[in-house]
Amino acid sequence: SGFNFGGFGLTANPAVNFNIGNFGVSTTSTPPFNFGNSLASAGAFGGFGTTTTTAGPAFSFSAPTNTGTSGLFGGTQNKGFGFGTSFGTGTGTGLGSGLGTGLGFGGFGTQQQQTTLGSGLFSQPAQTPAQSNQLINTASALSAPTLLGDERDAILAKWNQLQAFWGTGKGYFNNNIAPVEFTQENPFCRFKAVGYSLMPNNKDEDGLVVLVFNRKETDIRSQQQQLVESLHKILGGNQTLTVNVEGVKTLPDDQTEVIIYVVERSPNGTSRRVPATTLYTHFEQANIKSSLQQLGVSLSMARTELSPAQVKQLLQNPPAGVDPIIWEQAKVDNPDPDKLIPVPMVGFKELLRRLKVQDQMTKQHQTRLDIISEDISELQKNQTTTMAKIAQYKRKLMALSHRTLQVLIKQEIQRKSGYAIQADEEQLRVQLDTIQCELNAPTQFKGRLNELMSQIRMQNHFGAVRAEERYYIDADLLREIKQHLKQQQEGLSHLISIIKDDLEDIKLIEHGLNESIPIRGGVFS
């Protein structure tokens, strides 16, 4: 099966389009680059078979006509190296057209994207002579090379197209002109996509400058003080300047990002941050830059927000090698235009770099989530402890409230001593007596409340009771128990006295019987 790089996503494609048969390369039709029929149906490297080609150029640099080439092993019609639908309709979910259902690179969407020499590429205004010559040479190398002067030039054109697709190599097209150098920035390179990056929101007055070190984060943090002193020396060792580290972040490939700012103190005691652009310009000086490189700095940049004019300029001008249609679609598909800006991703190295950065950020987010989870667990423990203390303070408050009420009652009694009871007080007394009678009823509230209170106290003090082997009983309940036991004791005493009286009566009866019947005295004795 072929491969479909859909938006740089490697997915298997069921179509078998990159078929090597009879020592030739047979592909499906419809080439992605419309250079005319000379490229669309040119039979090149056709399996050593007979190929039939016609020439109908779409771009008027040259119009070669290839009528065919005689093969070695028969008459197989091929379109070898004809990256037709093999590099045609992709199934990527990116922004434009893919390169194929076979070895396709559907990096920019599901619509079929055909990049022709006459649309969007060479129609840019204000081309300089050097640029025009470069474009003419590129078009000649891709469409009509005249290096050999025979049908092999068509094979060479296909090979140059393949190199342009891949973004590497040299395109030979004329004996008297130097070959064209194909890079990944060329407009025909298919290993491209458009991603989105977060725009910085820091102001120039914040003075934040990013320094990327080729050292690990642990080394930077362990030598942070020495690093600050070295930067201060690079700035001239001025005593009015202070270098501060805003943050340290790990980057892929054992690199570390350090964000710094410089505070300048004036003689009158005030201080301000050196603007980021000013500090960055100072770092970009040749002697300063060499000193930073000795410290291990590989990159420096000012972290400032883009002005609306800068954002507008970036969005209006597509990057080098990116089709304007794809760039416009990227702007339309921007999920958050206020915070994100489209950026091109050219080649697998850039894709790998973004993937590593994404993995690094994912690890940092997971670490932060773990820290937050630990903080939440600690807060939950503190909440449990606080709730227990609140309940304890509530009990103390209730006890103090009762004591305060008792003090107020005694104070009120002393204040009203010697005065007759007033009508409202008498009414209150009657109500209180009524409530007291209801509460004191055995089957009413007080008995149930006492029972519940005793159970609650037993449960609350169960652990302490078991540890200390001591029991606590409510005073009112203890008084009632004593009263009940006293009544039981009085009842037992009364029963004992009755039994004693009965025993005395029985003895009298027995004595009387012994005196009236002396014959049976032996029996009763």
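This structure is a prediction, so every number in the text was calculated from the model and none was measured. Numbers given for residues are sequential positions, taken from 1 along each chain in its written order. A pLDDT threshold of at least 70 governs which residues receive local features in this predicted model, and a stricter bar of 80 or more applies before side-chain atom pairs are shown or counted, although totals over entire chains, interfaces and linings include all residues. Values shown for side chains rest on all heavy atoms present in the structure; no hydrogens or waters enter the calculation.

**Observations concerning the overall build of the chain**
Helical segments are the DSSP runs of H or I of at least four residues, strand segments are the runs of E of at least two, and each set is numbered from the N terminus. When helices and strands are tallied, the chain shows 15 helices and 14 strands. Counting across all 525 residues of the chain, residues that qualify as buried make up 28%. Considering only residue pairs separated by 6 or more positions, the chain has 58% of its internal contacts joining residues 24 or more positions apart. In the structure as shown, the chain presents an accessible area of about 33,800 Å², 57% of it carried by carbon and sulfur atoms. In this scheme, a residue with accessible area under 20% of its type's maximum is buried, one over 50% is exposed, and one in between is partly exposed, where area comes from a 1.4 Å probe on protein chains only. A contact between two residues is defined here by any heavy atoms of the two lying within 4.5 Å. Residue-level accessible areas treat just the shown protein chains as cover; the underlying method is Shrake-Rupley with a 1.4 Å probe.

**Focus on the environment of Leu 449**
Its place among the elements puts Leu 449 in helix α12 (residues 445-460). Residue Leu 449 is classed as partly exposed on the basis of its relative accessible area of 47%. The spatial distance from the C-alpha of Leu 449 to the C-alpha of Leu 439 is 9.2 Å, given a sequence separation of 10 residues.

**Thoughts on helix α10 (residues 347-416)**
Since the α-helix advances by 3.6 residues per turn, residues separated by three or four positions end up pointing in the same direction. When the terminal C-alpha atoms of α10 are compared, their 99 Å separation across 70 residues agrees well with the 104 Å that a helix rising 1.5 Å per residue should span. Immediately beyond the C-terminal end of α10, within one or two residues, lies Gly 418, with a positive phi of roughly 90 degrees. One less than the number of residues in a helix, times 1.5 Å, gives the span that helix is expected to have.

**Focus on the packing of aromatic side chains**
In this description, a pair of aromatic rings is defined by centroid distance and the angle of the planes. Two rings from Phe, Tyr or Trp (for Trp, the six-membered ring) form a pair when their centres sit within 6.5 Å of each other. Planes less than 30 degrees apart are called stacked, planes more than 60 degrees apart edge-to-face, and all others tilted. Overall, the coordinates contain 3 aromatic pairs when judged by the stated rule. Plain terms: the ring middles of Trp 166 and Phe 191 are 4.5 Å apart, the flat faces sit at 85 degrees to each other, and that makes the pair edge-to-face. You can see Trp 166 sitting in helix α3 (residues 152-166) and its partner Phe 191 sitting in the loop between β7 (180-181) and β8 (192-198), a full 25 residues away along the chain. Here Trp 166 falls in the partly exposed class, since its relative accessible area comes to 47%. Taking the relative accessible area as the measure of exposure, Phe 191 reaches 8% and is therefore buried. Measuring from centroid to centroid gives 5.0 Å for Phe 191 and Phe 348, while their planes differ by 45 degrees, and the two rings are tilted. With Phe 191 in the loop between β7 and β8 and Phe 348 in helix α10, this pair connects stretches of sequence that are 157 residues apart.

**Description of the environment of Glu 185**
With respect to the helices and strands, the residue Glu 185 is situated in the loop between β7 and β8. For Glu 185, a relative accessible area of 43% gives the class partly exposed. In this structure the C-alpha to C-alpha distance between Glu 185 and Ala 164, which are 21 residues apart in sequence, comes to 9.8 Å. Apart from the residues lying within four places of it in its own chain, the contact partners of Glu 185 are Lys 192, Ala 320, Gly 321 and Val 346.

**Re the pattern of salt bridges**
Definition used for salt bridges: Asp or Glu carboxyl oxygen within 4 Å of a side-chain nitrogen of Lys or Arg. This structure, assessed with the given rule, holds 16 salt bridges. In this structure, Lys 249 and Glu 257 form a salt bridge, with 3.8 Å as the shortest nitrogen-oxygen distance. By relative accessible area, Glu 257 is classed as buried at 9%. Across the pair Arg 303 and Glu 257 runs a salt bridge, and its minimum N-O distance is 3.5 Å.

**Things to note about the packing of helix α11 (residues 423-440) against α12**
As a rule, the C-alpha atoms of each element are fitted with a line to give its axis, helices using only the stretch in contact, and angles between N-to-C directions run from 0 to 180 degrees. One way to put it is that α11 packs onto α12 with a least axis distance of 5 Å and a crossing angle of 55 degrees. Here α11 lies oblique to α12, going by the angle between them. Residue-level inspection shows Gln 436, Glu 438, Leu 439 and Asn 440 of α11 in contact with α12, the latter providing Phe 445, Lys 446 and Gly 447. In terms of residue class, the contact of α11 with α12 is made up of 2 nonpolar, 3 polar and 2 charged. We call two directions roughly parallel when the angle between them is under 35 degrees, roughly antiparallel when it is over 145, roughly perpendicular when it lies between 65 and 115, and oblique otherwise. Any residue that is not Ala, Val, Leu, Ile, Met, Phe, Trp, Tyr, Cys, Pro, Asp, Glu, Lys or Arg is counted as polar, Gly included; the first ten are nonpolar and the last four charged.

**Notes on the environment of Ala 144**
Among the secondary structure elements, Ala 144 is positioned in the loop between α2 (129-143) and α3. Accessibility expressed as a relative area gives 9% for Ala 144, which makes it buried. Distance in space between the C-alpha atoms of Ala 144 and Leu 156 is 9.0 Å, their sequence separation being 12 residues.

**Details of the nonpolar core**
The criterion is simple. A nonpolar core is a set of buried Ala, Val, Leu, Ile, Met, Phe, Trp, Tyr and Cys residues joined through side-chain atoms within 4.5 Å. Formed by 22 residues in total, the largest nonpolar core has its most connected members in Leu 211, Leu 231 and Phe 283. Listed by contribution, the elements that provide at least two residues to this core are β9 (209-213), α5 (224-234), β10 (241-251), β11 (255-265), α6 (276-283) and α7 (286-294). Top contributing element to this core by residue count: α5, with 4 residues.

**Structural notes on the confidence of the model for the chain**
Segments scoring low in pLDDT should not have their predicted coordinates read at a detailed level. Values of pLDDT, the confidence the predictor places in each residue, fall between 0 and 100. Predicted confidence across the chain gives a mean pLDDT of 74, with 71% of residues reaching 70 or more. Note on residues 1-127: pLDDT under 50 across the span, and 307 contacts to partners over four residues away in sequence or across chains.

**Examining a negative patch on the surface**
On the surface, a cluster of negative charge is made up of Asp 370, Glu 374, Asp 375 and Glu 378. Topologically, Asp 370 is positioned in helix α10. For Asp 370, a relative accessible area of 39% gives the class partly exposed. Patch membership requires more than 30% relative accessible area and the absence of a salt bridge. Residues of like charge join within 9 Å; the nonpolar side chains Val, Leu, Ile, Met, Phe, Trp and Tyr join within 5 Å. His is not counted here, nor are the chain ends, while Lys and Arg score as positive and Asp and Glu score as negative. Charge positions are represented by NZ for Lys, CZ for Arg, CG for Asp and CD for Glu.

**As for α3**
Its 15 residues place the ends of α3 21 Å apart at the C-alpha level, agreeing with the 21 Å of an ideal helix rising 1.5 Å per residue. Of all the residues in α3, the buried ones are Asp 153, Ala 154, Leu 156, Ala 157, Lys 158, Asn 160, Gln 161, Gln 163, Ala 164 and Phe 165. Where α3 terminates, the next one or two residues include Gly 167, which has phi positive at roughly 85 degrees.

**Considerations on the side chain of His 232**
Here His 232 is to be found in helix α5. Accessibility expressed as a relative area gives 18% for His 232, which makes it buried. Polar contact is the term for a pair of N or O atoms within 3.5 Å; when the atoms are in protein, one must be able to donate a hydrogen and the other to accept it, and sequence-neighboring residues count only if both atoms are side-chain atoms. Of the polar contacts made by the side chain of His 232, one reaches the backbone oxygen of Asn 238; its length is 2.8 Å. What His 232 contacts, discounting residues up to four positions off in sequence, is Gly 237, Asn 238, Leu 241 and Val 243.

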